[in-house]
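Residue strings, one per chain:
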Amino acid sequence: MLAGVALTVLFLELALRGLTGPEYVRVRQAEYAPFTWFIGILLVPTLVAVVILVLRARAERSPELRRLAWALGLLLVALAVSLVVNGPINVEQMDWSVQAPPGDWARVRDRWQIAHAVRTVALVLAFCCVSAAALDRPLRLVRR
């Protein structure tokens, strides 16, 4: 779900590139509150689940460990990009005036969008790693 939301936001942001400064600021400020908590609700359990999968694969000396470790690393990259680039820009944009955005609003928008594209790629690749690990896992039949 996290990768899907990131892809959706990426396409939304590409659509927003045609907006004027005031229009862009209005949309960003409107989406900030609901998206912030929603992403947190998705990210925390995703990280916890992948950490558990990595620990279990490590304990079992499972061949899936490498893919799961990559998935965890990619999730951490996405989190770092969020904390270092996207989050601070989100907070900054909340103080912008809709009527008079700063002169460099488009440069800030571009920086946010590039960082979001990076974290989206990381999230999609993490999803692929977890999926590949799940597909390679042998099916264990339960005996009664």
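Residues numbered from 1 in each chain as written. Predicted model: local features only at pLDDT ≥ 70, side-chain atom pairs only at ≥ 80, totals over all residues. Heavy atoms only, no water.

All right, on to the pattern of salt bridges then. Going through the model one piece at a time under the given rule, you end up with 6 salt bridges. Glu60 is the partner of Arg56 in a salt bridge, and the nearest nitrogen-oxygen pair spans 3.0 Å. A relative accessible area of 48% places Arg56 in the partly exposed class. The shortest N-O distance in the salt bridge between Asp104 and Arg107 comes to 2.8 Å. Where salt bridges share partners, they join Glu13, Arg28 and Glu31 into one cluster. (Salt bridge = Lys/Arg side-chain N within 4 Å of Asp/Glu carboxyl O. Buried < 20%, exposed > 50% of the residue type's maximum accessible area, 1.4 Å probe, protein only.)

Turning next to the layout of surface pockets. Estimated volume of the largest pocket: approximately 520 Å³. Lining the largest pocket are 26 residues, with Phe35, Ile39, Ser82, Asn90 and Arg119 sitting closest to its centre. At 9 residues, helix α2 (residues 21–59) tops the list of elements feeding residues into the lining of the largest pocket. Across the lining of the largest pocket, the residue classes break down as 16 nonpolar, 7 polar and 3 charged. Quantified by volume, the second largest pocket comes out at close to 220 Å³. Looking at the second largest pocket, the residues that line it are Met1, Leu2, Ala3, Leu42, Thr46, Val50, Leu75, Leu123, Ala126, Phe127 and Val130. Listing elements by their share of the lining of the second largest pocket, those giving two or more residues are α1 (2–16), α2 and α4 (105–136). A per-element tally of the lining of the second largest pocket places α4 first, with 4 residues. Across the lining of the second largest pocket, the residue classes break down as 10 nonpolar, 1 polar and no charged. (1 Å grid on protein atoms, 1.4 Å probe; cavity = no way out; pocket = protein on both sides within 12 Å on 5 of 7 lines; lining within 4 Å. Points joined across faces, edges and corners; volume = space filled by probe spheres on them. Helix = DSSP H or I, 4+ residues; strand = E, 2+ residues; numbered from the N terminus. Nonpolar A, V, L, I, M, F, W, Y, C, P; charged D, E, K, R; others polar.)

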